[in-house]
Amino acid sequence: MMWAESLGRLPGVATARGYRREWLRTDVTAGLVLTALLIPAGMGYAEAAGLPAYAGLYATIVPLLAYAVVGPSKILVLGPDSSLAPLIAAAVIPLAVVGDSENALALAGVLAILVGLILVIGGFLRLGFVTELLSKPIRLGYLNAIALVVVVGQIPKLLGFSVDASGLLGEIGGISKALVGGDVDPLAAAIGVGSLVVIVAFRLWVPVVPGVLVAVVAAIVLSAAAGLTDDIGMVGALPEGLPLPSVGGVTWQDVGHLIGPAAGIALIAFADTGVLSRTFAARHGEDVNGSTEMKAIGVANVAGGLFGGFPISASGSRTPVAEQSGAHTQLAGVVGALAVLVFVLVAPGLTAYLPDATLAAVVIVAACALIDVGGMVRMWRMSTVEFGLAVAAFLGVALVGVLQGILVAIGLSFAAVIAQVWQPHRTELVETGEPTGFHDIERHPDGHRIPGLVLVRFDAPLFFANGEIFDEYVRSVVAKAPDPVDWVVIAAEPITGLDTTAVDELVDLDTFLEGKGIRLAFAEMKGPIKDRLIRFGVGDRFDSTHFYPTVEAAVNAFRTRTGD
């Protein structure tokens, strides 16, 4: 009975129970339309990850079916993605046996399982908040860099030559050398560039027709009719039969090497998926729990890894296609997965006529969708610091490596936060009539200082890095006061944190002011901060007479005591 109840709580089962008959036609139609993108995109991203193209189909079929059962989003489309391809390649290729695609695929499968387990555990621990580590500047720089890395990596295939180099600069140098040396294959280049033109043309002028499908079908027909299979590189025929569990040949040492990259991929995969999931759920007036989404993506990755796939995430290009085609539920994804499976079983030899150059064109167009130059310009206009973080993420990912670049950018983000808290805005408050109250003297230079009273606001938590700055600032304001000071009141509402070092600074400040006959008081201090003062053993020094609910109450108390 408990087993039945648990099964009934699965999102896919709940959707099936409430399914409406009028949704069926649009869900099936959306699934079939989706198939036109699932096949070429899956194969293209597999090759971009340094894996056999057919692995992209397995990484499409199994995760879509798994997510349809456990996924909370009704129309999210999962599968291989351009943002993950360089990460997968960076993790797998150094460990794989040279020239052994099956070994590379087994390593990618283990990587997907590790990614999935990390996400599942993170979901149970409710760690969805970790995606906040990837701030908007980092994501902006990262996606632009990923687009550049993917596009540069596909240019040799597009033009029919190979480059023996690693790293973005090495690949660019190799491509330049090949272009100057005349290594371009005219036939492959014609097909690749032609495919690129077809895809872009349909996207611009006939968006209702999937240009990717047109380019792929046209290239296959041309290759078969003209007998080009021996003249240019082809994707090759798919293995016959269903994908079977295959992670053999991977050692525990390999697993150890893959854990770090798996954590980075898990973070990126869930960040991308979480944003898409929330976006599309909001459009339909629904709510998606982040931890549930994290577990669902994890399950989909484990399932895909066990059956010949590699790490996947939500697709920012295929999900909108499903929505625009009328998808209402996960059935659209199921139809798409089953249609791809039929293709694998019925026409596995068809891809033997698909040129590598055409597949490269598919990947290049998809990667270009990640480029957001306008976003970088807007970031520069809004905040030079955040623009600098975006540039750092871009350069780190592009030049150092995807995982390393992301870690560097996250580290810089933390440094920027610490810098902001270390040197926060602080000001003296003055009394104003318009608007009535106590406000920043820099914004209201015509405000009125209350003789004998200094009001100070410090807009940050107090901790070891800024406690002394706070102390010195209060002392400087007291020293510059035009009249002898009797009271200092700290407008403490912005102070949301307090550590032991900062408490020592408060005690030193109070001792200093007490020696000058000045009373230190706090206004609007939050309860948890007062509790910390007590817990840190200074509650007897700062008793209840030192605290006031509002700045106005503190000022009234000062005036009452001094007779002002």
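All of these numbers come straight from a predicted model, not from anything done at the bench.

Draft legend 1. Broad picture of the sheet that holds strand β5 (residues 453-458). Taken in spatial order, the 6 strands make up an open sheet running β4-β3-β5-β6-β7-β8, and their pairing is mixed. The sheet is open, and its two edges are formed by β4 (436-440) and β8 (547-548), each paired on a single side. In this sheet, β5 lies alongside strand β3 (residues 426-433) in antiparallel orientation, the contact comprising 4 bridges. Bridging from a neighbouring strand, E428 pairs with V456 of β5. The sheet strands contacting helix α20 (residues 500-515) are β6 (487-491) and β7 (519-523), and the helix crosses β7 at an angle near 135°. Against the sheet, helix α22 (residues 551-562) makes contact with β3, β4, β5, β6, β7 and β8, and its axis sits at roughly 170° relative to β6, the strand it touches most.

Draft legend 2. Spatial organisation of the packing of aromatic side chains. As enumerated under the stated definition, the model contains 8 aromatic pairs in all. Ring centres of F522 and F547 lie 5.5 Å apart, and the angle between their planes is 20°; this geometry places the pair in the stacked category. With F522 in strand β7 and F547 in strand β8, this residue pair connects regions lying 25 residues apart in the sequence. Exposure remark for F522: the relative accessible area of 1% places this residue in the buried category. Taking the relative accessible area as the measure of exposure, F547 reaches 15% and is therefore buried. Among the aromatic side chains, those forming a connected cluster through ring pairs are W487, Y548 and F558. Over the aromatic face of F124 sits the side chain of K295, whose NZ or CZ is 4.5 Å from the ring centroid. Residue placement shows R519 over the ring face of W487; its charged tip is 4.8 Å from the ring centre.

Draft legend 3. The nonpolar core, seen in detail. Ranked by internal contacts, the top residues of the largest apolar core, which has 105 residues, are M43 and I88. In this structure I88 touches A49, L51, L111, I265, F310 and P311, once residues within four positions along its chain are discounted.

Draft legend 4. Seen up close, the pattern of salt bridges. The final tally for this structure, using the stated rule, is 6 salt bridges. For R457, the salt bridge identified is with D459, shortest N-O distance 2.8 Å. For D471, the salt bridge is made with R475, and the minimal N-O distance between the two is 2.6 Å. Residue D471 and its partner R475 are both found in helix α19 (residues 467-480); the two are separated by 4 residues, about one turn of the helix. Using a relative accessible area of 29% as the deciding quantity, one classes R475 as partly exposed.

Draft legend 5. Representation of the pairing of β5 in the model. With 5 of 6 residues buried, β5 is to be regarded as a mostly interior element. Since β5 and β6 lie parallel, the crossover through α19 that links them has a hand, and here it is right-handed.

Draft legend 6. Summary view of the side chain of S223. Within the fold, S223 resides in helix α10 (residues 211-226). Of the residues examined, S223 reaches a relative accessible area of 0% and is grouped as buried. Here A219 takes part through its backbone oxygen, which lies 2.8 Å from a polar atom of the side chain of S223.

Draft legend 7. Spotlight on the side chain of T60. Position of T60 among the secondary structure elements: in helix α4 (residues 55-70). Relative accessible area serves as the criterion here: at 0%, T60 is assigned to the buried category. Reaching out from T60, the side chain makes a polar contact with the backbone oxygen of G56 at a distance of 2.7 Å. In contact with T60, other than residues within four places in its own chain, are L38, G42 and P80.

Rules and cut-offs
- Residues numbered from 1 in each chain as written.
- Predicted model: local features only at pLDDT ≥ 70, side-chain atom pairs only at ≥ 80, totals over all residues.
- Heavy atoms only, no water.
- Pairing = 2+ DSSP bridges.
- Helix = DSSP H or I, 4+ residues; strand = E, 2+ residues; numbered from the N terminus.
- Contact = heavy atoms within 4.5 Å.
- Axes fitted to C-alpha atoms, helices over the stretch in contact; angles between N-to-C directions.
- Phe/Tyr/Trp six-rings, centres within 6.5 Å; stacked < 30°, edge-to-face > 60°.
- Buried < 20%, exposed > 50% of the residue type's maximum accessible area, 1.4 Å probe, protein only.
- Lys NZ or Arg CZ within 6 Å of the ring centre and 35° of its normal.
- Core = buried A, V, L, I, M, F, W, Y, C linked by side-chain atoms within 4.5 Å.
- Salt bridge = Lys/Arg side-chain N within 4 Å of Asp/Glu carboxyl O.
- Right-handed = clockwise from strand over helix to strand, strands pointing away.
- Polar contact = N/O pair within 3.5 Å; in protein donor to acceptor, adjacent residues only side chain to side chain.

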